[in-house]
Amino acid sequence: AGLVRSKYTLPDLPYSYDALEPVINRDIMEIHHSKHHATYVTNLNATAEKVSAAVAENNASAIIGLHGALKFNGGGHINHSIFWENLSPNGGGLPSGPLLAAIEAEFGSFDQFKAKMSAATIAVQGSGWGWLGVNPENKRLQIATCANQDPLHATTGLSPLLGIDVWEHAYYLQYKNVRPEYVNSIWNVVNWEDVAARYAKALS
């Protein structure tokens, strides 16, 4: 009997659409989650069905041809699933414990880290993401950027801890074309407890 594949689903937000105001307004959150992320999930499921059919038919050419759609929609689902949990209405401030110690050891200070990650994220050309990740080989923190919806781990090998979405749909309704203002504001809702939990898991 063939394996029955479970479908990917849109995760519920851990807060209401207006919970991150004034940093990110309700309209952005609702459209971003219920429309954009939902579309990635729908298209990921459709692509996964096509991949399964191509595998069943031993059609290598078709499998390879689906790679772009799988990376884009699968990455969109992976990235946004992390993004929602990386944010919290009770966020902001400083991390603590081993995560803060690692940030200070790698970047000199939290403020230096924040400035470096903000600059890298603001500088993303077109659409993409800024990330704080951990290198699974040497356990050191690294800042990285990914184009479009390319997922961090599959693209760089880094384990994702904190992602900042700089697709225009993430901020344009509120910040227009002023990406730096959005990036500088989002630190006020970063859920450091979630980032620290991802860091602890990546080290285990």
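Shown above is the structure to which this text applies.
This one's a predicted model, so the numbers in the text were calculated from it and none came from an experiment.

Conventions used here
Per-chain numbering applies: the sequence of each chain, read as written, is numbered from 1 onward. Where totals are concerned, whole chains, interfaces and linings use all residues; where local detail is concerned, this predicted model gives features only for residues with pLDDT of at least 70, and gives and counts side-chain atom pairs only at 80 or more. Calculated side-chain values reflect all of the structure's heavy atoms, with hydrogen atoms and water omitted. What counts as a helix is a DSSP run of H or I of at least four residues, what counts as a strand is a run of E of at least two, and both are numbered from the N terminus. Our radius of gyration is a C-alpha quantity, and the globule rule it is checked against amounts to 2.2 Å times the number of residues to the power 0.38. Relative accessibility under 20% of the residue-type maximum defines a buried residue, over 50% an exposed one, and the middle range a partly exposed one, all with a 1.4 Å probe and only protein chains included. Contacts are residue-level and defined by heavy atoms, with any inter-residue pair within 4.5 Å sufficient. Note on terminology: a nonpolar core comprises buried Ala, Val, Leu, Ile, Met, Phe, Trp, Tyr and Cys residues joined through side-chain atoms within 4.5 Å. Between any two strands, pairing holds if DSSP finds at least two bridges. Interaxial angles span 0 to 180 degrees and are taken between N-to-C directions of axes, which are lines fitted to C-alpha atoms, for helices over the stretch in contact. Within 6.5 Å between ring centres, the rings of Phe, Tyr and Trp (the latter by its six-membered ring) count as paired, and their orientation is classed by plane angle as stacked under 30 degrees, edge-to-face over 60, tilted in between. For a crossing to be left-handed, the near helix must be turned anticlockwise from the far one by less than a right angle; the clockwise case is right-handed. Residue type decides the class: Asp, Glu, Lys and Arg count as charged, Ala, Val, Leu, Ile, Met, Phe, Trp, Tyr, Cys and Pro as nonpolar, and the leftover types, Gly among them, as polar. Should a side-chain nitrogen of Lys or Arg be within 4 Å of a carboxyl oxygen of Asp or Glu, the pair is scored as a salt bridge.

A.B. asks: Describe the overall build of the chain, naming the residues involved and giving the relevant values.
C.D. replies: Of regular secondary structure, the chain possesses nine helices and three strands. In terms of overall dimensions, the chain is globule-like: its C-alpha atoms have a radius of gyration of 18 Å, near the 17 Å expected for 204 residues. In terms of overall dimensions, the chain has a C-alpha envelope of 55 × 40 × 30 Å along the principal axes. The buried share of the chain, taken over its 204 residues, is 44%. Considering only residue pairs separated by 6 or more positions, the chain has 69% of its internal contacts joining residues 24 or more positions apart.

A.B. asks: Describe the nonpolar core, and please don't skip the residues or the numbers.
C.D. replies: One finds Phe-113, Leu-141, Tyr-182, Trp-187 and Trp-192 to be the most contacted residues of the largest nonpolar core, which totals 48 residues. Looking at this core, the element that brings in the most residues is helix H4 (residues 97-107), giving five residues. Ignoring sequence-local partners within four residues, the contact set of Phe-113 consists of Ile-103, Phe-107, Leu-132, Ile-143, Trp-187 and Trp-192.

A.B. asks: Any chance you could break down the side chain of Asn-191 for me, citing the residues and the numbers?
C.D. replies: By the element assignment, Asn-191 lies in the loop between helix H8 (179-186) and helix H9 (192-203). Not counting residues up to four positions away in its chain, the partners in contact with Asn-191 are Glu-85, Asn-86, Leu-87 and Ser-88.

A.B. asks: Account for the sheet that holds strand S3 (residues 159-165), with residues named and values stated.
C.D. replies: In a beta sheet, neighbouring strands are held together by backbone hydrogen bonds and run either parallel or antiparallel to one another. Spatial strand order, S2-S1-S3: three strands in an open sheet with antiparallel pairing. Each having just a single partner strand, strand S2 (141-147) and S3 make up the two edges of the open sheet. Each neighbouring strand pair of the sheet contributes to a mean axis angle of 25 degrees, computed without reference to strand direction. Judged from the seven bridges that link them, strand S1 (residues 128-134) and S2 form a sheet pairing that is antiparallel. Its bridge partner being in S2, Gly-130 is matched across the sheet by Thr-145. Sitting on the sheet, H9 is in contact with S1, S2 and S3, with an inclination near 150 degrees to S3.

A.B. asks: Give a detailed account of the packing of aromatic side chains, specifying residues and quantitative values.
C.D. replies: Enumeration according to the criterion identifies twelve aromatic pairs in this entry. Considering the side-chain rings of Phe-110 and Phe-113, the 5.9 Å spacing of their centres and the 50 degrees angle between planes classify their relative orientation as tilted. Of the two residues, Phe-110 and Phe-113 are both situated in helix H5 (residues 110-122); the distance of three residues between them amounts to about one turn of the helix. Residues Phe-110 and Trp-192 carry aromatic rings whose centres are separated by 5.6 Å and whose planes lie at 75 degrees to one another, so their mutual orientation is edge-to-face. Note that Phe-110 is positioned in helix H5 and Trp-192 in helix H9, a separation of 82 residues in sequence. The exposure class assigned to Trp-192 is buried, which follows from its relative accessible area of 7%. Grouped by ring-pair contacts, the aromatic residues Phe-107, Phe-110, Phe-113, Trp-187 and Trp-192 constitute a single cluster.

A.B. asks: Can you break down unusual backbone geometry residue by residue, with the values?
C.D. replies: Excluding glycine, most residues fall at negative phi; most peptide bonds, likewise, are trans. Of note, the bond from Glu-21 into Pro-22 is cis; its omega dihedral lies within 30 degrees of zero at 5 degrees. In this structure, Lys-139 takes a positive phi of about 65 degrees despite not being glycine. Positive phi, close to 55 degrees, is recorded for Asn-148, a residue that is not glycine. Mapped onto the elements of the fold, Asn-148 is located in the loop between S2 and helix H6 (152-156).

A.B. asks: Break down the packing of H5 against H8 for me, citing the residues and quoting the values.
C.D. replies: Contact geometry of H5 with H8 gives a least axis separation of 10 Å together with a crossing angle of 145 degrees. Here the hand of the crossing between H5 and H8 comes out right-handed. Residues Ser-118, Thr-121 and Ile-122 of H5 form the contact with H8, whose own contacting residues are Arg-179, Pro-180, Val-183 and Asn-184. Per-class residue counts for the contact of H5 with H8 are three nonpolar, three polar and one charged.

A.B. asks: Got a sec to walk through the pattern of salt bridges? Specific residues and values, please.
C.D. replies: Counting across every chain of the model gives six salt bridges. The salt bridge partner of Arg-198 is Asp-194, with a shortest N-O separation of 2.8 Å. Highlighted residues: Arg-198 and Asp-194, both in helix H9, separated by four residues, approximately one helical turn. You'll find Arg-198 and Asp-194 in the same group, each marked buried. Each of Glu-85, Asp-194 and Arg-198 takes part in a single network of salt bridges with overlapping partners.

Nothing here speaks to function; it is geometry throughout.
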